[in-house]
Amino acid sequence: MYILGIETSCDETGVAIYHAQRGLCHHLLYSQIDMHSEYGGVVPELASRDHIRKLIPLIQQLLRESDLVAAEISAIAYTAGPGLMGALLVGAAVAQSLAMAWQIPAIAVHHMEGHLLAPMLEENPPEFPFVALLISGGHTLLIAVRGVGQYQLLGESLDDAAGEAFDKTAKLLGLSYPGGVKLSELAKQGQPRFRFPRPMTDRPGLDFSFSGLKTFALTTFQKSEQTLQDKADIALAFQDAIAETMVIKCRRAMQQTGLTRLVVAGGVSANSQIRCQLIEMIKKEGGNIYFPRPEFCTDNGAMIAYAGYQRFLSGEIQDIEIFARPRWSMSEL
Ligand code: KG4
Ligand code: ZN
C-alpha cells in the first residue's frame, strides 16, 4: 500500500509517498524561506497563501514522478498540529478533500511524532525503547519512547525552544532569517573566547531553559566592539552552551531511564556541532545514537507519511472533518 504524506505546519510544503514494504519512494519539498526572508521571519498569512498555491501542484508532481495514479494511493497522512493555524488548515483541507474524492482514509499526524519517527526512514533504524531528544523551532522535548504512541515526557523547555533560541540570537547578532543555520555557519569561524552558562544543569531534572542564553549573548555583544569576529566568537560560545547542555541532559535522561539508545531529531539536530558532541558522549558512555539524514531533520513530508503509516497500522483513521490543532501536546497521543 502507498501512503501520501503532507506537511504544511510552518514554512515548508512537504509531500512524500511511503510504501508499506518498500519504504520511502519519493518526496518533494518546497521551502518558503526566500519569501519570508524579506520580513526577517515567518509571516503566517503569507505562509498559508503559499501553501495553497504550492500544495496541489506539488502532489501532482510527486505522483507523476513516482509513476503513480491517484487510485493507487491507500491513505493520506497530514500534519494536523502543532503549528500555524492557517498553514495547518491548508494541509488538512486538501488531505480531507482528496481522501473524500479518492474514497480512502485520512490520518491526522502530530508534527513532533513525525520528527520523532524520522530516523526510522534511515538504513539502520533504532529499535524501541529509546530516549528521544526533539529539538525544533517550536519545541524542545526529552521523551522516553517505548513504542509508537508510548511517550513519557521526561523534560521540556520552560521558555524558548532550542531552535527559537538559535533564531532569536542570530537576529540580535544581525544575521538574516533563517537564523539557526546562519549562526551555526558563523560559529565555524569563532574562537573559544567566551564561556556562556549551561542553563539548569547545576540542579537535578531534565527541563531546559534557553531564554537566558539569548540575553547573555546580547549583553556580551553590546560590550564587544561588534566586529564580525566578535559575532563569530559569540555564535560559537552560544552554540557550545546549547550543545553541552543537551549532552548533560541526554546523559542524565539515559542514566535515569536505563535506556541505552538515543534518538535526536528536529531542525536543530541538523547542527553538526550538536551532533558531534552527542556522538562523543555516547562513545564515552556506551550505547547507540540515531539521527535522521540532515534533510529529514527539518520539516518534510517523508516523516509525516511514515508516522501516518504507523498510525494507520494501529487503526487510527480520522473522521471526515477538517481537524487542525495549533497547540497539541504529545502527551495527549
Ligand atoms: O523542525 P523544524 O524544521 O521546524 C519546526 O518544527 O519548528 O526546525 C526549525 C528550526 C529553526 O529554528 C532553525 O533555525 C533550526 O531548526 N535549525 C538549526 C539548524 N538547522 C535548522 N539550528 C541550528 N543549527 C542548524 N544547522
Ligand atoms: Zn518541525
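Residues numbered from 1 in each chain as written. Chains lettered and ligands numbered in written order. Predicted model: local features only at pLDDT ≥ 70, side-chain atom pairs only at ≥ 80, totals over all residues. Heavy atoms only, no water.

A. Expanded view of the sheet that holds strand 4 (residues 73-81). Overall, mixed pairing links the five strands, which are arranged 3-2-1-4-5 in an open sheet. A single partner strand is all that each edge strand has here, and the edge strands are strand 3 (23-31) and strand 5 (106-110). The mean angle between the axes of side-by-side strands here comes to 20 degrees, regardless of whether they run parallel or antiparallel. Relative to strand 3, strand 2 (residues 12-19) runs antiparallel, the two being bridged by eight bridges. Bridged to Thr 13 within strand 3 is Tyr 30. (Pairing = 2+ DSSP bridges. Helix = DSSP H or I, 4+ residues; strand = E, 2+ residues; numbered from the N terminus. Axes fitted to C-alpha atoms, helices over the stretch in contact; angles between N-to-C directions.)

B. A look at helix 9 (residues 272-285). The end-to-end C-alpha distance of helix 9 is 20 Å, a good match for the 20 Å that 14 residues give at a rise of 1.5 Å each. Regarding helix 9, the residues found buried are Gln 273, Ile 274, Arg 275, Leu 278, Met 281 and Ile 282. Check the buried side of helix 9 and you find it contacts strand 6 (130-135), helix 5 (162-172), helix 8 (228-257), strand 9 (261-265) and strand 10 (288-290). Sitting at the head of helix 9, Asn 271 places a side-chain oxygen 3.1 Å from the backbone nitrogen of Gln 273. Following helix 9 by one or two positions, Gly 286 has its phi on the positive side, about 90 degrees. (Expected span 1.5 Å × (residues − 1). Buried < 20%, exposed > 50% of the residue type's maximum accessible area, 1.4 Å probe, protein only. Contact = heavy atoms within 4.5 Å. Polar contact = N/O pair within 3.5 Å; in protein donor to acceptor, adjacent residues only side chain to side chain.)

C. Layout of the pattern of salt bridges. Counted by the stated rule, this structure contains 17 salt bridges. Of the charged contacts in the structure, one is a salt bridge between Glu 316 and Arg 311, with a shortest N-O distance of 2.7 Å. Classification of Arg 311 as buried rests on a relative accessible area of 5%. Each of Asp 160, Glu 164, Lys 168 and Lys 214 takes part in one network of salt bridges that share partners. (Salt bridge = Lys/Arg side-chain N within 4 Å of Asp/Glu carboxyl O.)

D. The state of the cysteines, seen in detail. One pass over the full model with this rule turns up zero disulfides. Free cysteine Cys 250: the closest other cysteine sulfur is in Cys 297, separated by 14 Å. (Disulfide = S-S within 2.5 Å.)

E. Examining the packing of aromatic side chains more closely. For the structure shown, the criterion picks out seven aromatic pairs. An angle of 20 degrees between the planes, with centres 5.4 Å apart, marks the rings of Phe 128 and Phe 130 as stacked. One aromatic cluster is present, formed by Tyr 18, Tyr 306 and Tyr 309 through successive ring pairs. The ring of Phe 208 carries Lys 249 above its face, with NZ or CZ at 6.0 Å from the centroid. A cation sits over an aromatic face here: Arg 275 above Phe 291, 4.3 Å from the ring centre. (Phe/Tyr/Trp six-rings, centres within 6.5 Å; stacked < 30°, edge-to-face > 60°. Lys NZ or Arg CZ within 6 Å of the ring centre and 35° of its normal.)

F. View of the environment of Leu 213. Within the secondary structure, Leu 213 sits in helix 7 (residues 211-223). Not counting residues within four places of it along the chain, the set of residues in contact with Leu 213 comprises Phe 196, Pro 197, Pro 199, Phe 238, Ala 241 and Ile 242.

G. Just the environment of Ala 187, in detail. You can see Ala 187 is positioned in helix 6 (residues 179-187). Separated by 49 residues in sequence, Ala 187 and Leu 236 place their C-alpha atoms 4.3 Å apart. Beyond its immediate chain neighbours, meaning those up to four positions away, Ala 187 contacts Ala 232, Ala 235, Leu 236 and Gln 239.

H. Structural detail: unusual backbone geometry. Going from Gly 81 to Pro 82, the amide bond is cis rather than trans, its omega being -10 degrees. Tracing the backbone shows Pro 82 in the loop between strand 4 and helix 3 (85-102). Geometrically, the link from Tyr 177 to Pro 178 is a cis peptide bond, its omega value of 0 degrees lying close to zero. Inspection of the secondary structure puts Pro 178 in the loop between helix 5 and helix 6. The phi angle at Gln 103 is positive, at roughly 55 degrees, despite the residue not being glycine. Of note, Gln 103 is situated in the loop between helix 3 and strand 5. Its identity is not glycine, yet Met 200 carries a phi of approximately 60 degrees, on the positive side.

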